[in-house]
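As a plain string of letters, each chain reads:
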Amino acid sequence: MACFFRRRIAAKLARTLQQSEDFFIPALSAVPVLKKQQTADFKLYISTLRVRGILPSSGDIQLQTEDLVKRLKQDSVVEDISAGNGVINFKVNRELLVQKMLEPFGKEEDEKFGLNSELLNTLKRGTTLVEYSSPNIAKKFHAGHLRSTIIGNFIANLKQSLGNSVIRMNYLGDWGMQFGLLGAGFGQFGCREKLKQNPLQHLFEVYVQVNKEAEHSEDMRQAARDFFRQLEQHESEAVSLWQQFRQITVNEYQQVYKRLGIHFDVYSGESFHQDQAQEAVQQLRSQGLLKTSEKGTGVVDLSPAGDMSSVCTVLRSDGTTLYITRDLAAAIDRKEKYNFDEMIYVTDSSQANHFHQLFHILLAMGHSWADRCQHVPFGRVRGMKTRSGEVVFLEDVLDEARARMLHNMSQAKTTKEMDDPEDTAQKVGISALIVQDFKGPLQSDYTFDWDRMLQAQGDTGVFLQYTHARLCSLIRMNEGVDAAVSDPSLLLEQTSITILQHLLRYDEVLYQSAQDLQPKHLLNFLLKLCHLIASAHKELPVKGSPQDVAQARLRLFSGACSVLANGMRILGITPVDKM
C-alpha cells in the first residue's frame, strides 16, 4: 500500500537530511495520474523543506532541488529519483508496486484499504456529534433539506470510517412561534378527518392558510402568541396537539430517510431544551452577560469594544426564548450528555452568523469546548422542480428520479435482468442526486439539471453505478477463476500501472476530506477511477487470456471494485451490482 512506499522514501530523506522520518510522511504526496502517460509515483516540494527550516529559505530553489536529488540514492524500492521544477519525483519499482498495492485484497481486508494508512494517524480521533437534516415539524420534507441530509450523512460516514465514534443527530425544528401559528391555525382551519387521511399534507395546507391570515390579522398573530405561550407553560391541550403534530411528522420523515438509506442515532429537537433555555438565560444573567435593550428584549453584547454596537437577542420582551437560546441550551446539554470531542452543524450558509454568535456566547460563558464546534455551510440549489413545476417536496424528487431512471434503463440495450428494477432505479436515481450535489465546493450554489444528472456517460452517479455493476458482473462471470497474483510481472502494462498509481492517492484523498469535510475530493477520485477502469476493460480482457494473466487481471479489477464500493458508501451511495 501507499504507506509502505511513503515510509521507505521518508527513511531515505531522513537519513540524507538528518531529520525524523515522520516529518516526511505527510510531505510526500502521490502524483495524480495522466491517462496514457507515464508519471512518477510520489513527489516532494522543496518549498516544504524551506518553510520548515530543513533547507535554507534563501538561494536558488532549483539548485537546491538538483543538489538533493544527487544526494539521494536509488535502491530496490525506489528505482528512479528526478528533479522537476522545485519538486523531487520518486518512481518506485513496478513489480513491487503491483505486489504491495494488491496485497490487501482478497484477505478480508478490502474494507480497510487506505484506512489503516499512517498518514491518517495524525487525525484526531474521539467522539464526533454531527447535527444534520433538521427539518421543521408539521411541514413536508422540502427538497431544500436534501443538502443538509446528504452532506451530514457523508461527514458522519467519513468520520466513522476514520475510526471516530459518531453520534448522528437530527435536531428537529419542533418549537418556536411557528407552532403558535400552527396551533392557532389548526383551531380555525384544521379538520380531524383530513388529518387522518393525509396528515402532513393537511398540516402544510393549514400552515400556508394561517400565514396568509396572519399577514393582515392582528387577532391571528395574537392568537399565535397566546398558543405558543401555552406551550411554553406546558398547558395540556396545547402540548397534546403539539405532540400529535410531532409524531405525525417524524413517522413520515423516517420513510423518506429509509429511501435515502440514512439513519439517525438520536431524534432531538428544540422542544427538548425549552426549560434548559431558561436556565441558560439565568446563567447569562448571573455572569453579567445578559443586558436589556430599549425594546425590553434580553441581549448579549458581542461587540469587541463592549459598546452594544453588535448584540445577539436571546429573550423576547414577553420572556419567551428564541432559536439561539435553545441552541445554547442544546449545546451545553450535549456536552454534558455525550462528552463529544467535536460537534459539527450542517446547515445552509445563511445561518453562518447564527453559529458565529452561538460559539461566541458559549466561549463568553466559559465553555472552552466551543472552539471544537464547527459549522459546515452550503449553498442553495436552483431549479429543482418536477415536470409539473410544482413546489418541490423531497418525495416528489425521489419519485421522479426513480421514474426517469426506470425509463432510461428500459431503453438501454445493456440493461441486465434484475430481481427488483424499481429498487435498482431508486438507488441509481439517489446516487445521481448525490453526485450532482457533491461535485463542486459545498458553499457554492448550483443549478439542478435532470437530464445531465441522469446521463450514463460523463461524471454522473449513473456512471459510478454502471462501472460498479460492470465490475461485479465481470467477477460473477469468472467465479471459477482464482483471483491471485503469483507473478507481479503479469500486470506491468501501463493501463494496470495507472490504476495502481491512482489507488496510491486514496489515503491522501480521505485525509484531505477529513481536513475540510468536502465530499468533492473523494467523489472526483472515484470518478477518475471509473474512467481508468473503462479503459482497462478494453485493454486488459480477462476472458480468453491465459489463466495466470486472467487471474492477475481479475485481482486488479476486484481490488478496484472494492475501493469504488467503499468510497461510494462513504459518500452515502448504495452500490448496485446489476444494471
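Scroll up for the structure.
Residues numbered from 1 in each chain as written. Predicted model: local features only at pLDDT ≥ 70, side-chain atom pairs only at ≥ 80, totals over all residues. Heavy atoms only, no water.

1. Some remarks on the overall build of the protein chain
Counted only if it meets this: Secondary structure elements follow DSSP: runs of H or I no shorter than four residues count as helices, runs of E no shorter than two count as strands, and numbering proceeds from the N terminus. The cut-offs for exposure are 20% and 50% of the maximum accessible area for each residue type, with area from a 1.4 Å probe on protein chains only; residues under the lower value are buried, those over the upper are exposed, and the others partly exposed. Whether two residues are in contact is decided by their heavy atoms, any of which lying within 4.5 Å being enough. Throughout, the Shrake-Rupley method with a 1.4 Å probe supplies accessible areas, and for residues the shown protein chains are the sole cover considered. By the counting rule applied here, Lys and Arg register as positive and Asp and Glu as negative, while His and the ends of each chain are not counted. By convention, the charge on Lys lies at NZ, on Arg at CZ, on Asp at CG and on Glu at CD.
Across its full length, the protein chain carries 22 helices and 14 strands. Once the C-alpha set of the protein chain is aligned to its principal axes, its extents read approximately 85 × 65 × 35 Å. Each of the 579 residues in the protein chain was classed as buried or not, and the buried ones make up 55%. Look at the contacts in the protein chain between residues 6 or more apart in sequence, and 71% of them connect residues 24 or more apart. As displayed, the protein chain has an accessible area near 25700 Å², and 46% of this comes from carbon and sulfur atoms. Averaging the positions of the 66 positive and the 69 negative side-chain charges in the protein chain gives two centres separated by 5 Å.

2. Brief notes about the pairing of strand E11 (residues 342–348)
Threshold: Pairing between two strands is assigned when DSSP locates at least 2 bridges connecting them.
Of all seven residues that make up E11, six are buried, and the element is covered over most of its length. Sheet topology places strand E5 (residues 127–131) next to E11; four bridges connect them, and they run parallel. Paired with glutamate 131 across the bridge in E11 is tyrosine 345. The sheet contact formed by E11 and strand E12 (residues 373–378) spans six bridges and is parallel.

3. A short note on the sheet that holds strand E9 (residues 298–301)
Backbone hydrogen bonds are what pair the strands of a sheet, in a parallel or an antiparallel way. As a reminder, the rule being used: Throughout, an axis means a line fitted to C-alpha atoms (over the contacting stretch in the case of helices), and angles, computed between N-to-C directions, take values from 0 to 180 degrees.
Overall, antiparallel pairing links the three strands, which are arranged E8-E9-E10 in an open sheet. Each edge of the open sheet carries a strand with a single partner, namely strand E8 (290–292) and strand E10 (311–315). Neighbouring strand axes in the sheet, compared pairwise and without regard to direction, differ in orientation by 45° on average. When E8 meets E9, the two strands line up antiparallel, connected through three bridges. Across the sheet, lysine 291 pairs through a bridge with valine 299, a residue of E9. Running at roughly 130° to E10, helix H12 (residues 274–286) makes contact with E8, E9 and E10 of the sheet.

4. Structural notes on the pattern of salt bridges
Filter applied, for reference: Just to be clear on terms, a salt bridge is a Lys or Arg side-chain nitrogen sitting within 4 Å of an Asp or Glu carboxyl oxygen.
All told, the structure shown has 29 salt bridges when counted by the stated rule. For glutamate 508, the salt bridge is made with arginine 6, and the minimal N-O distance between the two is 3.1 Å. Of the two residues, glutamate 508 is situated in helix H20 (residues 506–516) and arginine 6 in helix H1 (residues 2–17); the sequence distance between them amounts to 502 residues. Across the pair, exposure class does not vary: glutamate 508 and arginine 6 are buried alike. Across the salt bridge formed by arginine 334 and glutamate 131, the nearest N and O atoms sit 3.0 Å from each other. Of this pair, arginine 334 sits in helix H13 (residues 323–338) while glutamate 131 sits in strand E5, and the two are 203 residues apart along the sequence. Residue arginine 334 shares its accessibility class with glutamate 131, and that shared class is buried. The network of salt bridges with shared partners includes Arg7, Glu21, Asp22 and Glu118.

5. Some points on the packing of helix H9 (residues 199–216) against helix H10 (residues 218–232)
To keep it simple, the criterion reads: Orientation categories follow fixed angle ranges, with anything under 35 degrees roughly parallel, anything over 145 roughly antiparallel, 65 to 115 roughly perpendicular, and all other angles oblique. Residues are grouped as follows: nonpolar covers Ala, Val, Leu, Ile, Met, Phe, Trp, Tyr, Cys and Pro; charged covers Asp, Glu, Lys and Arg; every other residue, Gly included, is treated as polar.
Look at H9 against H10: their axes get within 6 Å of each other, and the N-to-C directions meet at 120°. Viewed along their axes, H9 and H10 adopt a mutual orientation that is oblique. Residue-level inspection shows Val210, Glu213, Ala214, Glu215 and His216 of H9 in contact with H10, the latter providing Glu218, Met220 and Arg221. Grouping the amino acids of the contact of H9 with H10 by side-chain chemistry returns three nonpolar, one polar and four charged.

6. Some words on the sheet that holds strand E6 (residues 165–172)
Read across the sheet, five strands follow the order E7-E6-E5-E11-E12 without closing on themselves; strand pairing throughout is parallel. The strands lining the two open edges of the sheet, one partner per strand, are strand E7 (266–269) and E12. The mean inter-strand angle of the sheet, taken between neighbouring strand axes irrespective of direction, is 25°. Alignment of E5 against E6, held across five bridges, turns out to be parallel.

7. Observations regarding empty space enclosed by the protein
As a reminder of what qualifies: Cavities and pockets are found on a 1 Å grid laid over the protein atoms alone: a cavity is a set of points where a 1.4 Å probe fits but cannot escape, a pocket is an open set with protein on both sides within 12 Å along at least five of seven lines, and a lining residue has an atom within 4 Å of such a point. Grid points are joined across faces, edges and corners, and a volume is the space filled by probe spheres set on the points.
One pass over the full model with this rule turns up three cavities of 30 Å³ or more. Lining the largest cavity are Lys140, Phe141, Leu200, Glu252, Tyr253, Val256, Phe393, Leu394 and Glu395. Counting residues per element, the ones that place at least two in the lining of the largest cavity are helix H11 (236–260) and helix H15 (394–411). Per-element accounting of the lining of the largest cavity gives the leading share, three residues, to H11.

8. Overview of the state of the cysteines
Inclusion rule: Throughout, a disulfide means two cysteine sulfur atoms within 2.5 Å of one another.
Applying the stated criterion across every chain yields a total of zero disulfides. Here cysteine 472 stays free of any disulfide, with the sulfur of cysteine 561 as its closest cysteine sulfur at 4.1 Å. Taking relative accessible area as the criterion, cysteine 472 reaches 13% and is therefore assigned buried.

9. Details of the nonpolar core
This is how it is decided: Put simply, a nonpolar core is a bunch of buried Ala, Val, Leu, Ile, Met, Phe, Trp, Tyr and Cys residues held in one set by side-chain atoms that sit within 4.5 Å of each other.
Leu49, Phe90 and Leu464 are the most contacted members of the largest nonpolar core, which has 155 residues in total. Counting residues per element, this core draws most heavily on helix H22 (residues 547–571), at 13 residues. Not counting chain neighbours up to four residues away, the residues in contact with leucine 49 comprise Leu17, Phe23, Phe24, Leu44, Ile54, Leu55 and Leu68. Ranked by size, the runner-up nonpolar core spans 28 residues in total, among them Val314, Tyr345, Phe359 and Ala370.

Everything listed here is a matter of geometry and, on its own, says nothing about what the molecule does.
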